[in-house]
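Okay, here's what each chain looks like letter by letter:
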Amino acid sequence: LFLIINENKIQLSHNEVFMYPNPAFDKAYFHLMPLIDEQIVLVEIYDNTGNKIMVLPAPTDKIYEVDVRNLASGIYSYKVICNTKIFSGSFSKSK
C-alpha cells in the first residue's frame, strides 16, 4: 500500500499508527486503521509548551484528516489514545 504526496512515495503499513505529511501545511492525516477494533480513539494535539490544543474523536476505518490551517507555524506533538494503547509523535506545522 503506497501513498503519493507531491511526487514523494510513502509506504503505508497496515500495522502502524502514524501522522503525515511532516511538515503539515493545511491538513494532517492520521493513519489509524490498525486500531479498527478499538471502541474509542481520540487524537490529542499539543503545542510546544505542552498545552493541549485539540481533542478529536477519530474514526479508525479510514485515514483521519485534521485541519491544521489555523495552527501557527511551529512544532506540535500528538497522542492517539485508545482503550489499550497510546501512540505519540510530533510534527512541524508550516505556512
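Residues numbered from 1 in each chain as written. Predicted model: local features only at pLDDT ≥ 70, side-chain atom pairs only at ≥ 80, totals over all residues. Heavy atoms only, no water.

### What to know about unusual backbone geometry
For residues that are not glycine, phi is negative in most cases, and the peptide bond is trans in most cases. Definition in use: Secondary structure elements follow DSSP: runs of H or I no shorter than four residues count as helices, runs of E no shorter than two count as strands, and numbering proceeds from the N terminus.
Cis peptide bonds are those with omega within 30 degrees of zero, and the linkage from Tyr 20 to Pro 21 qualifies with -10 degrees. Tracing the backbone through its elements, the reader meets Pro 21 in the loop between β3 (18-20) and β4 (27-31). Here Asn 22 and Pro 23 are connected by a cis peptide whose omega angle stands at 15 degrees. Of note, Pro 23 is situated in the loop between β3 and β4.

### Focus: the pattern of salt bridges
Quick note on the threshold: Only one rule defines a salt bridge in this text: a Lys or Arg side-chain nitrogen within 4 Å of an Asp or Glu carboxyl oxygen. Summary of the burial criterion: residues with accessible area below 20% of their type's maximum are buried, those above 50% are exposed, and those between are partly exposed, where the area comes from a 1.4 Å probe applied to protein chains only.
Under the criterion given, the structure shown has 3 salt bridges. Two residues, Glu 65 and Lys 27, come together in a salt bridge whose shortest N-O distance is 3.4 Å. Taken together, the positions of Glu 65 in strand β7 (residues 63-67) and Lys 27 in strand β4 put the pair 38 residues apart, joining distant regions of the chain. Residue Glu 65 is classed as partly exposed on the basis of its relative accessible area of 42%. One salt bridge connects Arg 69 with Asp 67, and the closest N-O pair in it is separated by 2.5 Å. Look at Arg 69 and you get partly exposed, because its relative accessible area is 45%.

### Looking at the packing of aromatic side chains
Note the following rule: When two rings of Phe, Tyr or Trp (its six-membered ring) have centres within 6.5 Å they constitute a pair, described as stacked for plane angles under 30 degrees, edge-to-face for angles over 60, and tilted for the intermediate range.
On inspection of all chains with the given rule, the structure shows 5 aromatic pairs. Ring geometry for Tyr 76 and Phe 91: centres 5.7 Å apart, planes at 25 degrees, overall stacked. You can see Tyr 76 sitting in strand β8 (residues 74-82) and its partner Phe 91 sitting in strand β9 (residues 86-93), a full 15 residues away along the chain. Judged by relative accessible area, Phe 91 falls into the buried class, the value being 2%. Pairing Tyr 78 with Phe 91 gives two aromatic rings, centres 6.5 Å apart and planes at 40 degrees, and the pair type is tilted. One end of the pair, Tyr 78, is in strand β8; the other, Phe 91, is in strand β9, with 13 residues separating them in the sequence. Residue class for Tyr 78 comes out buried when judged on its relative accessible area of 8%.

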